[in-house]
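# Residue-level structure breakdown
Chain by chain, the residues run as shown.
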Amino acid sequence: MTQIAAAPDIAADAPVLIFDSGVGGLSVLDAVRAAMPDAPLIYAADTAGLPYGSKSEAEIAARVAGLLGRMSERYRPRLACIACNTASTIALGMVRDVLHLPIVGTVPAIKPAAERTRTGTIGLIGTEATIRQAYVDKLEAEFAKGKTLLRLAAPDLVAAAEAKLRGEPVDVAAIERAAANLARMADGKVIDVLVLACTHFPLLADELRAAFGPDVALVDGAEGIARRIAHLTQGQPMARSRPDRAVFTSDDGRLDPLRPALAARGITDVGLL
Ligand code: DGL
């Protein structure tokens, strides 16, 4: 169960920590910032481990638990958000068991998609690791009973979102390929709602809309996560007394090109973990 820390113990500048393997969690950070303008935020990305989607469950769980443990000691966050479907569907339960901190996860938005579909056929794109998780089977059984859920791994879109945020050209053909591959599945042509089950994908919303067309609604969990974080931190003191910060587990020359996208989000303190 999520624990809510008592408000008086929380420093006003204690950050909300938002964690992903790469830039994807920025789609969640955008929603959190919109919902909580005064919240101090720290963004953390395991760039040395990117992409998570092609890794084993054991490796992802070990990385996520280890990094969140280290960061919770170093940055003393008031709450941590695993802004990554891959990490959440694999490691959320385990991380909640070991960290004494409220943890909010990101899981595929199958419930809102099922409420929205009119044709009864929902598409879901995510990483290879996410789409095979029992957690997704459970969400499908619980919320999409009687509907058809077509799952597709779209790892190329992770790279496309990483490129876009660095101001590099986006591989539009990869996005069109994902749309064509879903359309080719049985019932694929009648998909009217597409679950973006990877936090990188809302960063490609314009490109996805162009590839999937106006009849397919895009659904993701970012606003719901922001509402949950706002609820769990309600009444706590909050002050942004320093610039928001982003930390990464590797550089390899890939950080500098990200600075404009981070600065556009008010994140000017960028460094290595
Ligand atoms: N952003 C991550 C997610 O939501 C995945 C990207 C990766 O493969 O590392 O699943």
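Shown above is the structure to which this text applies.
In what follows, the accompanying structure is described.

Bringing the overall build of the protein chain into the picture now. The helix and strand inventory of the protein chain stands at 11 helices and 10 strands. At 18 Å, the protein chain has a C-alpha radius of gyration in line with the 19 Å of a compact globule built from 273 residues. Principal-axis analysis of the C-alpha atoms gives the protein chain an extent of 55 × 40 × 35 Å. Split into buried and exposed, the 273 residues of the protein chain put 55% on the buried side. Across the protein chain, every contact between residues at least 6 apart in sequence was considered, and the portion connecting residues at least 24 apart equals 76%. Carbon and sulfur atoms make up 52% of the accessible area of the protein chain, which totals about 11700 Å². With 30 positive and 32 negative side-chain charges, the protein chain shows a spacing of 3 Å between the two charge centroids.

Working note: α-helix, 3.6 residues per turn, so residues spaced by three or four point in the same direction. Helix length check: helix α2 (residues 57–75) (19 residues) gives 26 Å between terminal C-alpha atoms against 27 Å at 1.5 Å per residue, within 8%. Listing the buried residues of α2 in full gives Ile60, Ala61, Val64, Ala65, Leu67, Leu68, Gly69, Met71, Ser72 and Tyr75. Of the surrounding secondary structure, the elements contacted by the buried residues of α2 are β1 (16–20), β2 (41–45), β3 (79–82), α3 (85–98), α5 (128–131) and β9 (244–248). Of the residues one or two after α2, Arg76 is the one with positive phi, at around 45°.

The subject of this paragraph is the site of the ligand. Of all residues adjacent to the ligand, which total 14 residues, the nearest are Ser21, Tyr52, Asn85, Thr86 and His200. Within the backbone of Thr199, a nitrogen or oxygen atom sits 2.8 Å from an oxygen atom of the ligand. The protein chains hide 99% of the 300 Å² of surface that the ligand would expose on its own.

We now examine the sheet that holds strand β4 (residues 103–104). Spatially, the six strands line up as an open sheet ordered β4-β3-β1-β2-β9-β10, and their pairing is parallel. Looking at strand neighbours, the two that pair on one side only are β4 and β10 (267–272), the edges of this open sheet. Where β2 and β9 come together, four bridges link them in parallel fashion. Residue pairing across strands places Ala45 opposite Phe248, the latter belonging to β9.

Cut-off values and rules
- Residues numbered from 1 in each chain as written.
- Predicted model: local features only at pLDDT ≥ 70, side-chain atom pairs only at ≥ 80, totals over all residues.
- Heavy atoms only, no water.
- Helix = DSSP H or I, 4+ residues; strand = E, 2+ residues; numbered from the N terminus.
- Rg over C-alpha atoms; globule rule 2.2 N^0.38 Å.
- Buried < 20%, exposed > 50% of the residue type's maximum accessible area, 1.4 Å probe, protein only.
- Contact = heavy atoms within 4.5 Å.
- Areas by Shrake-Rupley, 256 points an atom, 1.4 Å probe, with all protein chains shown as cover.
- Lys, Arg positive; Asp, Glu negative; His and termini not counted.
- Charge placed at Lys NZ, Arg CZ, Asp CG, Glu CD.
- Expected span 1.5 Å × (residues − 1).
- Near = heavy atom within 4 Å.
- Polar contact = N/O pair within 3.5 Å; in protein donor to acceptor, adjacent residues only side chain to side chain.
- Pairing = 2+ DSSP bridges.

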